[in-house]
Amino acid sequence: MPVDPTASDAPASFPRRQAATRRFTLGAPRRPSISPDGARVVLLRSRAGDDPVTCLWLLDVATGEEHLLVDPRELDVPGEEDLPPEERARRERVREQSGGVVEYALDAAGRLAVFVLSGRAFAVDLAPGAHPEALPLEGPVVDPRPDPTGARVAFVRGGALHVHERATGVTHVVVGPDPDDGPTVTWGLAEFVAAEEMNRYRGYWWSPDGTQLAVARVDDAPVARWWIADPAHPDRTPTETAYPAAGTANASVSLAVVDIDGTRAEVDLGDGAEYLAGVTWDTHDLLVTVSTRDQRRVDLRRVDPDTGDASVLASDTDDVWVDLVGGVPAHLADGALVRTVDRDDTRRLVVGDEAVTPPGLQVRVVVDVDGDTVLFTAAERPEDVTLWTWSPAGGAARVGPQHGVWSGRRAGGTTVLAGGDLDTDGTRTTVLRADGSTVPVASHAESPGLEPAVRRVATGAGGPSVAVLLPRDHAPGSGRLPVLLDPYGGPHSQRVLAARGAFLTSQWFADQGFAVVVADGRGTPGRGPAYERAVYGDFATPVLDDQVTALHAAAEQVDDLDLGRVAIRGWSFGGYLAALAVLRRPDVFHAAVAGAPVTDWRLYDTHYTERYLGHPDEQPEAYARSSITEDPGTHAPARPLMLVHGLADDNVVAAHTLRLSSALLAAGHPHTVLPLSGVTHMTPQEVVAENLLLLQVAFLRDALG
């Protein structure tokens with residue numbers, strides 16, 4: 001029998017527990033760093049599975065002993081509500097849902113950590129018994145980072161980059177604002193699209209000797225201004241947001257190399273460089289990665305830090321787009337260049353001029369380079385993300401389990417392995433010493449108390465990856481089940497993974513009386529460049545067709561699925577896909593819940609949207625095919641649709657839902673709109689996250705009869 005989600009028994013408590021534990025991630029170790037000698041591991045972890053205050057910990061690799069370095073509750077700092085706006089924006093971009101020490105930076109030796117709490121900067125020595133000290137800096141301090149020697153700390157305040165000399169206590173402005181800089185100019189911060197779409201969250205980088213910095217200058221003046229208001233509080237001034245929507249101007253971004261005394265050299269980023277994608281500065285080179293606006297060319301430029309002159313070291317081109325891959329470029333100890341290329345329909349690791357990983361092994365991210373050993377994640381099967389090393393002597397070799405979703409770090413011969421699989425709860429973290437022995441790292445995360453029963457469904461070569469989850473008390477043949485598709489379905493994210501945590505919410509929905517189908521179709525990662533590029537010029541047709549293919553394959557291979565009662569739910573791209581499904585295929589889909597959906601791609605940002613659909617002035621037909629605000633009324637019958645949107649969302653703004661709602665109303669299409677006051681693209685608020693699940697179940701049950 002379906003479980004009543006409003007009852008007080010254990011299954012009904014899952015939404016509350018999932019919300020309170022931030023999807024059961026609180027208390028788990030995260031963001032480890034290893035000292036260059038491999039002797040110390042630094043990591044973040046809260047004290048309990050329902051504790052959102054993150055602490056900084058030190059693990060001695062030789063002894064396996066852990067030491068608490070920083071507990072924010074023991075420091076005299078105000079609450080999280082005093083975060084400067086730049087830090088709030090950074091946390092939204094990285095989807096940070098906890099508080100306390102959520103980020104830290106180390107010196108080159110791994111003996112000093114610098115972090116910020118409520119806009120105040122602190123430093124702590126990485127040694128047992130050390131106590132954090134507040135740096136004598138006026139706030140608010142944003143993104144403090146020690147130089148490699150640990151003698152200085154750089155930070156951003158008021159749009160200018162400052163450097164604090166620890167020995168003398170003197171702090172001075174290194175660069176910005178210039179006399180001709182207006183209020184729209186910042187030095188040392190990442191612009192919106194860099195943080196949201198390129199995974200570049202920083203705006204400055206220390207030289208290896210700590211005497212210079214590469215600093216990004218961002219001018220938001222060309223970017224259109226949007227206003228994010230909270231209708232529940234009409235007395236509050238709307239928040240001004242510089243949002244570069246598709247087809248509109250980006251921020252003007254340049255780069256300079258600045259000496260400690262303020263002397264600077266402008267870096268030549270090259271012709272056609274619209275995006276500053278990344279900066280790498282190690283003992284071998286200062287390398288800058290830039291991309292054209294159409295993203296069909298990505299150049300790696302070698303920079304002379306004294307003059308700013310630059311030359312192209314490598315250039316990748318593609319008729320569709322060139323992906324930005326995390327962790328590259330990098331260097332081996334001997335200076336050999338490490339990067340990736342797409343070749344043989346495979347993302348391959350390249351060292352020097354040689355592709356060193358085989359066709360079919362899809363490199364995901366380069367995690368670390370330790371001497372002549374490269375640590376990276378890769379996929380042999382779409383549902384697995386496993387950890388690998390490559391070295392000249394040993395070639396490519398897997399580290400840790402063959403299946404599951406894993407990542408790690410490596411330095412000084414020490415490796416941290418973290419991840420999980422379908423057989424165990426949560427994240428398991430282990431330190432692998434250079435001699436092969438291991439040290440388990442404790443996790444305080446709560447157990448979900450919910451074991452997903454995942455059944456894989458075959459769809460043939462080139463078909464979507466599909467998983468089905470049934471109610472755990474369902475007896476085959478006892479009755480036909482309404483079907484709920486639970487996809488994301490878009491670029492950069494997978495739902496069908498060999499990890500238990502990926503299916504917790506889907507299993508909970510199944511236990512409410514649904515057969516849940518989860519599918520990764522064309523456009524999702526892990527299958528190779530051609531599979532990802534299949535959505536170029538059309539976000540709608542391939543992704544929706546693959547959901548229909550997945551549904552029919554599931555019905556053929558799993559008994560008791562009722563194709564006369566099919567619903568779909570999703571958030572962000574998944575919300576777009578859910579709304580798309582009931583509007584374009586009402587013959588298949590009978591109800592939908594669309595959370596924070598992109599309904600008109602002209603309202604989404606430049607870097608993401610133009611990669612897949614091109615510039616709207618040049619490819620208007622791609623936007624017409626992919627957007628759904630003009631779909632209402634063109635298909636019959638009208639299907640029940642719930643639209644959910646956070647009114648404080650600055651990523652997928654609420655205008656997407658409001659414009660679709662207006663079009664639905666004009667077409668006479670009944671629908672439900674659930675506005676979430678004060679909620680951003682994330683929904684970390686405990687009550688909101690819990691009740692969203694309960695309301696969705698109630699809506700879907702009613703809609704499907």
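Residues numbered from 1 in each chain as written. Predicted model: local features only at pLDDT ≥ 70, side-chain atom pairs only at ≥ 80, totals over all residues. Heavy atoms only, no water.

### A short note on the sheet that holds strand β22 (residues 286-291)
The pairing of strands in a sheet happens through backbone hydrogen bonds and is either parallel or antiparallel.
Then, number 1: In space, the four strands of this open sheet follow the order β21-β22-β23-β24, with antiparallel pairing throughout. In the strand order of this sheet, the two ends are held by β21 (275-281) and β24 (310-317), each with one partner. The sheet shows a mean angle of 20° between the axes of neighbouring strands, direction not considered.
Then, number 2: By the bridge criterion, six bridges tie β22 to strand β23 (residues 297-303) in an arrangement that is antiparallel. The partner of Val290 across the bridge, within β23, is Asp299. (Pairing = 2+ DSSP bridges. Helix = DSSP H or I, 4+ residues; strand = E, 2+ residues; numbered from the N terminus. Axes fitted to C-alpha atoms, helices over the stretch in contact; angles between N-to-C directions.)

### Brief notes about the packing of aromatic side chains
Then, number 1: Counted under the stated rule, the structure contains 20 aromatic pairs.
Then, number 2: Relative to Tyr243, the ring of Trp226 has its centre 4.3 Å away and its plane inclined at 10°; by these criteria the two rings are stacked. Pair noted here: Trp226 is in strand β17 (residues 225-228) and Tyr243 is in the loop between β18 (239-242) and β19 (252-259), with a separation of 17 residues, a long-range link. Summarising the burial analysis for this pair, Trp226 and Tyr243 share the class buried.
Then, number 3: Seen in terms of ring centroids, Phe539 and Tyr612 are 5.2 Å apart; in terms of plane orientation they differ by 45°. Their pairing is tilted. On the criterion of sequence distance, the pair formed by Phe539 in the loop between α5 (529-533) and α6 (541-557) and Tyr612 in helix α8 (residues 606-613) is long-range, its members being 73 residues apart.
Then, number 4: Taken together, the aromatic side chains of Trp321, Tyr488, Tyr536, Phe539, Phe573, Tyr576, Trp601, Tyr604, Tyr608 and Tyr612 make up a single cluster linked through ring pairs.
Then, number 5: The lysine or arginine in question, Arg527, covers the ring of Tyr531, its NZ or CZ lying 4.2 Å from the ring centre.
Then, number 6: Across from the ring centre of Tyr623, 5.5 Å away, lies the NZ or CZ of Arg602, which sits over that ring. (Phe/Tyr/Trp six-rings, centres within 6.5 Å; stacked < 30°, edge-to-face > 60°. Buried < 20%, exposed > 50% of the residue type's maximum accessible area, 1.4 Å probe, protein only. Lys NZ or Arg CZ within 6 Å of the ring centre and 35° of its normal.)

### So, the pairing of strand β32 (residues 395-399)
Then, number 1: Across five bridges, the pairing between strand β31 (residues 386-391) and β32 is antiparallel. When the sheet's bridge partners are listed, Trp390 is paired in β32 with Ala396.
Then, number 2: Hairpin connection, β31 to β32: the antiparallel pair is bridged by three residues.

### Looking at the side chain of Gln696
Then, number 1: Counting through the fold element by element, Gln696 comes out in helix α11 (residues 686-704).
Then, number 2: The class of Gln696 is buried, set by a relative accessible area of 8%.
Then, number 3: If we skip the residues at most four places from it in the chain, Gln696 touches Phe509, Arg569 and Val593. (Contact = heavy atoms within 4.5 Å.)

### Let's talk about the confidence of the model for the protein chain
Then, number 1: Taken residue by residue, the protein chain gives an average pLDDT of 94. The fraction at 70 or more is 97%.
Then, number 2: Predicted confidence for residues 5-12 stays below pLDDT 50, and this span has 10 contacts to residues more than four positions away or in other chains. (pLDDT = per-residue confidence, 0-100.)

### Focus: α11
Then, number 1: Between its terminal C-alpha atoms α11 stretches 28 Å, which fits the 27 Å expected from 19 residues at 1.5 Å a residue.
Then, number 2: Burial in α11 covers these residues: Ala689, Glu690, Leu692, Leu693, Leu694, Gln696, Val697, Phe699, Leu700 and Leu704.
Then, number 3: Downstream of α11 by a residue or two, Gly705 has a phi angle that is positive, lying close to 70°. (Expected span 1.5 Å × (residues − 1).)

### Concerning unusual backbone geometry
Then, number 1: Here the residue pair Gly139 and Pro140 is connected by a cis peptide bond, since its omega of 0° sits within 30 degrees of zero.
Then, number 2: Relative to the helices and strands, Pro140 is located in the loop between β9 (133-134) and β10 (142-146).
Then, number 3: The omega angle of the peptide bond from Gly176 to Pro177 is -10°, so this bond is cis rather than trans.
Then, number 4: Mapped onto the secondary structure, Pro177 falls in the loop between β13 (171-175) and β14 (185-187).
Then, number 5: In this structure, Ala596 takes a positive phi of about 45° despite not being glycine.
Then, number 6: Residue Ala596 is classed as buried on the basis of its relative accessible area of 0%.

### Observations concerning helix α2 (residues 85-93)
Then, number 1: Turning to α2, its buried residues are Glu87, Arg90, Arg91, Glu92 and Arg93.
Then, number 2: Buried positions along α2 lie against β5 (99-100) and α3 (192-197).
Then, number 3: Residue Arg95 follows α2 closely and has a positive phi angle near 60°.

### Notes on the pattern of salt bridges
Then, number 1: Applying the stated criterion across every chain, the model contains 51 salt bridges.
Then, number 2: Of the charged contacts in the structure, one is a salt bridge between Glu87 and Arg91, with a shortest N-O distance of 2.8 Å. Taken together, the positions of Glu87 and Arg91, both in helix α2 and four residues apart, correspond to about one turn of that helix. Here Glu87 matches Arg91 in class, with each residue buried.
Then, number 3: Asp631 is paired through a salt bridge with Arg584; the nearest N and O atoms lie 2.5 Å apart. Of this pair, Asp631 sits in the loop between α9 (620-626) and β43 (641-646) while Arg584 sits in helix α7 (residues 573-584), and the two are 47 residues apart along the sequence.
Then, number 4: Through salt bridges with shared partners, one network takes in Arg30, Arg31, Glu87, Arg90, Arg91, Glu96 and Glu103. (Salt bridge = Lys/Arg side-chain N within 4 Å of Asp/Glu carboxyl O.)

### Re the packing of α6 against α7
Helices that pack against each other are described as a pair by the angle of their axes relative to one another and the distance between those axes.
Then, number 1: Between α6 and α7, the least distance of the axes is 10 Å, while the angle of their chain directions is 75°. With respect to each other, α6 and α7 are oriented roughly perpendicular. Residues Val543, Leu544 and Gln547 of α6 touch α7, and the partners they reach there are Phe573, Leu577, Leu580, Ala581 and Arg584.
Then, number 2: Each residue belonging to the contact of α6 with α7 can be placed in one class, and the counts come to six nonpolar, one polar and one charged. (Parallel < 35°, antiparallel > 145°, perpendicular 65-115°, else oblique. Nonpolar A, V, L, I, M, F, W, Y, C, P; charged D, E, K, R; others polar.)

### Some thoughts on the sheet that holds β31
Then, number 1: Spatial ordering of the open sheet is given by β29-β30-β31-β32, a layout of four strands whose pairing is antiparallel. Two strands in the sheet have a free side with no partner beyond their single neighbour: β29 (362-370) and β32. Neighbour to neighbour, the strand axes of the sheet diverge by 30° on average, direction disregarded.

### A word on the nonpolar core
Then, number 1: In terms of nonpolar packing, the biggest core is built from 66 residues, with Val517, Phe539, Phe589 and Trp601 touching the most fellow members.
Then, number 2: Here Phe539 is in contact with Pro491, Phe573, Tyr576, Trp601, Tyr608, Tyr612, Leu613 and Ser626, once residues within four sequence places are set aside.
Then, number 3: Grouped together as the second largest cluster of nonpolar side chains are 29 residues, Phe24, Leu469, Val496 and Phe699 included. (Core = buried A, V, L, I, M, F, W, Y, C linked by side-chain atoms within 4.5 Å.)

### Regarding the environment of Val652
Then, number 1: Along the polypeptide, Val652 turns up in the loop between β43 and α10 (655-666).
Then, number 2: Take Val652: its relative accessible area is 0%, and that puts it in the buried class.
Then, number 3: For the pair Val652 and Thr680, spaced 28 residues apart in sequence, the C-alpha to C-alpha distance is 8.9 Å.
Then, number 4: When residues no more than four places from it in sequence are discounted, the contact partners of Val652 are Ser572, Ala596, Pro597, Val598, Tyr604, His645 and His681.

### A short note on the pairing of strand β39 (residues 481-485)
Then, number 1: For β39, the tally of buried residues reaches five of five residues, placing the bulk of the element in the interior.
Then, number 2: Relative to strand β41 (residues 561-571), β39 runs parallel, the two sharing five bridges. Bridge pairing in β41 links Leu484 to Ala567.
Then, number 3: Where β39 meets strand β40 (residues 515-520), three bridges bridge the pair, whose relative direction is parallel. The partner of Val483 across the bridge, within β40, is Ala515.

### Concerning the environment of Val351
Then, number 1: Tracing the sequence through the fold places Val351 in strand β27 (residues 346-351).
Then, number 2: Residue class for Val351 comes out buried when judged on its relative accessible area of 11%.
Then, number 3: Along the backbone, Val351 and Thr340 are 11 residues apart, and their C-alpha atoms lie at a distance of 8.3 Å.
Then, number 4: Once you skip the residues sitting within four places of it in the chain, Val351 turns out to touch Leu332, Ala336, Leu337, Val338, Val356 and Trp390.

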